[in-house]
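The residues making up each chain are set out below.
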Amino acid sequence: MAQFRTAQADTVIAPSLLAADFARLAEAADSVEGAVDWLHVDVMDNHFVPNLTLGPPIVKSLKAATDIPLDCHLMIEDPERWATGYAELGAYNVTFHAEASADPVTLAKDLRAAGAKAGLAIDRDTPVEDYLEILPAFDTLLIMTIKAGFGGQAFMPELLDKVRTARAHADSGHLELRIEVDGGIADDTIAAAAEAGADAFVAGTAIYGAADPADAARRLRARADAARSSG
Ligand code: DX5
Ligand code: ZN
């Protein structure tokens, strides 16, 4: 009997603005226009993670400055209070951390009602198994491949076991779920993440640290596509 296989979604490349010049975010967006799918916006509150980055006013300005869909990654406490505001500002995808949320399913519903895709993020030390049953409430599952908080850290290949587990679960349940990886994604790591089952790839240093960000993004996509089609 032919085995049912969920149709493979196109590869998503999402450059992380955390590695761009914060005084020139609109230029950073323009520099990858046409070569990427989402712009990854790392919101950090100096509580959930020690680092501090940006919030709603900058997301609002970015939304006005670019047509690239905004992928907001909220590394903040109390997402129940703040997350839907990002959806209302026009973020395409709003991802909050499982570790920070008291009621992830209700928040996912609220995000969808506010017009965004709903994303759940799993940090380095959090098992994905605890969240498999609630994945139908989500459009995106972001699996950290570092400890959340800072760019430029080394990729942790052992965290790809979570991607494999989530991909197997999503496929067997025929879920339409993006599995996004974030942290240390670069030319030498993206294929492993793609083979594990990721289909959305955040890259900060590898894109904005490159002399030609658009070219770096295209190279990452080619490597991810090759690895995914051979899988
Ligand atoms: C870190 C952020 C990442 C970060 C990745 O907590 O979530 O999006 O920008 O940076 P690189 O790609 O440099 O590891
Ligand atoms: Zn991120």
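Since the model is a prediction, treat every value here as computed from it, not as a measurement.

### Topic: the environment of Leu89
With respect to the helices, strands and loops of the structure, Leu89 is situated in the loop between helix 3 (79-88) and strand 4 (93-97). Look past the residues within four positions of Leu89 in its chain and what remains in contact with it is Pro56, Val59, Lys60 and Lys63.

### So, the site of ligand 1
Surrounding ligand 1, one finds 21 residues, the nearest of these being Ser16, Asp182, Gly184, Gly204 and Thr205. A distance of 3.3 Å separates an oxygen atom of ligand 1 from a polar side-chain atom of His40. Within the side chain of Asp182, a nitrogen or oxygen atom sits 2.7 Å from an oxygen atom of ligand 1. When ligand 1 sits alone it has 380 Å² of accessible area, and the protein chains cover 98% of it. Contributions of two or more residues to the shell around ligand 1 are made by strand 2 (39-44), strand 3 (70-75) and strand 8 (200-203). It is strand 2 that provides the largest number of residues to the shell around ligand 1, a total of three residues. Counted by class, the shell around ligand 1 contains nine nonpolar, 10 polar and two charged residues.

### What about the UniProt feature "binding site: substrate" (unreviewed entry) in the protein?
In the UniProt entry, the feature "binding site: substrate" (unreviewed entry) is given for Ser16, His73, Gly149, Phe150, Gly151, Gly152, Asp182, Gly183 and Gly184. For Phe150, a relative accessible area of 42% translates into the label partly exposed. Residues within four places of Phe150 in sequence aside, it is in contact with Leu18, Met44, Pro50 and Asn51. In this fold, Gly152 is placed in the loop between strand 6 (140-144) and helix 5 (160-172). For Gly152, a relative accessible area of 62% gives the class exposed.

Parameters and conventions
For every chain, the first residue of the written sequence is number 1, and numbering continues from 1 onward in sequence order. Numbering of ligands from 1 and lettering of chains from A proceed in the order in which they are written. Where totals are concerned, whole chains, interfaces and linings use all residues; where local detail is concerned, this predicted model gives features only for residues with pLDDT of at least 70, and gives and counts side-chain atom pairs only at 80 or more. Each side-chain value is worked out from all heavy atoms of the structure, with water and hydrogens disregarded. A run of DSSP states H or I qualifies as a helix once it reaches four residues; a run of E qualifies as a strand once it reaches two. Both are numbered from the N-terminal end. By the convention used here, residues are in contact when the closest approach between their heavy atoms is within 4.5 Å. Only a single heavy atom is needed: when it lies within 4 Å of a molecule or strand, its residue is near that molecule or strand. Side-chain atoms alone can form a polar contact between residues adjacent in sequence; in general such a contact is a pair of N or O atoms within 3.5 Å, and within protein one must be able to donate a hydrogen while the other accepts it. Each accessible area is a Shrake-Rupley estimate made with a 1.4 Å probe; only the visible protein chains count as cover when residues are assessed. Under the grouping applied here, Gly and all other residues not named as nonpolar or charged are polar, the nonpolar ones being Ala, Val, Leu, Ile, Met, Phe, Trp, Tyr, Cys and Pro and the charged ones Asp, Glu, Lys and Arg. UniProt positions are given in the numbering used here, feature names are shortened, and annotations may be inferred rather than shown by experiment. We call a residue buried when its accessible area falls under 20% of the maximum for its residue type, exposed when it is over 50%, and partly exposed in between, using a 1.4 Å probe and counting protein chains only.

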